[in-house]
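Fold and geometry: a report
Residue strings, one per chain:
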Amino acid sequence: MTDLGYLAQNISILHRKYYKDTRAAFQELGLNPTAACVLLTVHEHPHINQNQVAKALVIDKGLTTREVNKLQALDYLVKTAGTGKSLNLQLTSTGDAIVSQVQTIRRSWWQRRFDEARIDADSPLIPAIEAAVANVTQVD
């Protein structure tokens, strides 16, 4: 049996390579790969707050704050009143308009890697990874 520790290392390698390869494409939209992830998380979870974004992406609150501030400065998202003292994050029309471009950059990179490795999109690998991620993340 393969040492599962190598799986973590290999996933980390893929993560770093994705960020390195997509950085220029995201920069054309005024983003970096982390900001793109924040944008997509807000798109996928309407009325999410900043703390929930940090939990969903497993990034620290300071990084989340910096990326949210960048996205606000680009007019990609706004903060709106939430429950109690919390503020929800919502995409602006400008942010909503670039979501498909961000999704295309992400999807294209992964499709190329899967095609090159001859991994089928119906591979049991995908639900296995999704299950592991669901186990460590949660959006309230």
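The following refers to the structure shown.

Scoring rules and cut-offs
Residues numbered from 1 in each chain as written. Predicted model: local features only at pLDDT ≥ 70, side-chain atom pairs only at ≥ 80, totals over all residues. Heavy atoms only, no water. Phe/Tyr/Trp six-rings, centres within 6.5 Å; stacked < 30°, edge-to-face > 60°. Helix = DSSP H or I, 4+ residues; strand = E, 2+ residues; numbered from the N terminus. Buried < 20%, exposed > 50% of the residue type's maximum accessible area, 1.4 Å probe, protein only. Axes fitted to C-alpha atoms, helices over the stretch in contact; angles between N-to-C directions. Left-handed = near helix turned anticlockwise from the far one by under 90°. Contact = heavy atoms within 4.5 Å. Nonpolar A, V, L, I, M, F, W, Y, C, P; charged D, E, K, R; others polar. Expected span 1.5 Å × (residues − 1). Bend = angle between axes of the 7 residues up to and from the residue. Pairing = 2+ DSSP bridges. Parallel < 35°, antiparallel > 145°, perpendicular 65-115°, else oblique. Polar contact = N/O pair within 3.5 Å; in protein donor to acceptor, adjacent residues only side chain to side chain.

Points about the packing of aromatic side chains
Throughout the structure, instances matching the rule amount to five aromatic pairs. Geometrically, the ring pair formed by Trp110 and Phe114 is edge-to-face, given 6.3 Å between the ring centres and 75° between the ring planes. Residue Trp110 and its partner Phe114 are located together in helix α5 (residues 93-116), separated by four residues, close to a single helical turn. For Trp110, a relative accessible area of 30% puts it in the partly exposed group. By way of ring pairs, the aromatic residues Tyr18, Tyr19, Trp109, Trp110 and Phe114 are connected into one cluster.

Concerning the packing of helix α3 (residues 50-57) against helix α4 (residues 61-73)
Running from N to C, α3 and α4 point in directions that differ by 115°, and their axes come no closer than 9 Å. Our pair here, α3 against α4, has a crossing hand that is right-handed. Here α3 contributes Gln50, Asn51, Val53 and Ala54 to the contact with α4, which in turn contributes Lys61, Thr64, Thr65 and Val68. Across the contact of α3 with α4, the residue classes break down as three nonpolar, four polar and one charged.

Looking at helix α1 (residues 4-27)
The terminal C-alpha atoms of α1 lie 34 Å apart, and with 24 residues this matches the ideal 34 Å at 1.5 Å per residue to within 8%. Where α1 bends most, at Asp21, the angle is about 35°. Looking at α1, one finds that the buried residues are Tyr18, Tyr19, Thr22 and Phe26. Contact partners of the buried residues in α1: α2 (33-44) and α5.

Thoughts on the sheet that holds strand β3 (residues 87-91)
Taken together, the three strands give an open sheet; going across it, the order is β1-β3-β2, and neighbouring strands pair in antiparallel fashion. Whereas interior strands pair on both sides, the edge strands pair on one side only; in this sheet they are β1 (48-49) and β2 (77-81).

With respect to the packing of α2 against α3
Taken N-terminus to C-terminus, the directions of α2 and α3 make an angle of 115°; their axes are 10 Å apart at the nearest point. The angle between α2 and α3 places the two elements in the roughly perpendicular class. Crossing of α2 against α3: the hand is right-handed. Facing Cys37, Val38, Thr41 and Val42 of α2, the residues of α3 in contact are Val53, Ala56 and Leu57.

Thoughts on the side chain of Glu67
Here Glu67 is to be found in helix α4. Engagement of the side chain of Glu67 in a polar contact is seen with the side chain of Asn32, the distance being 3.2 Å. In this view, Glu67 contacts Asn32, Thr34, Ala35 and Val38; residues no more than four positions away in its chain are not counted.

Everything listed here is a matter of coordinates, which is why it stays silent on function.
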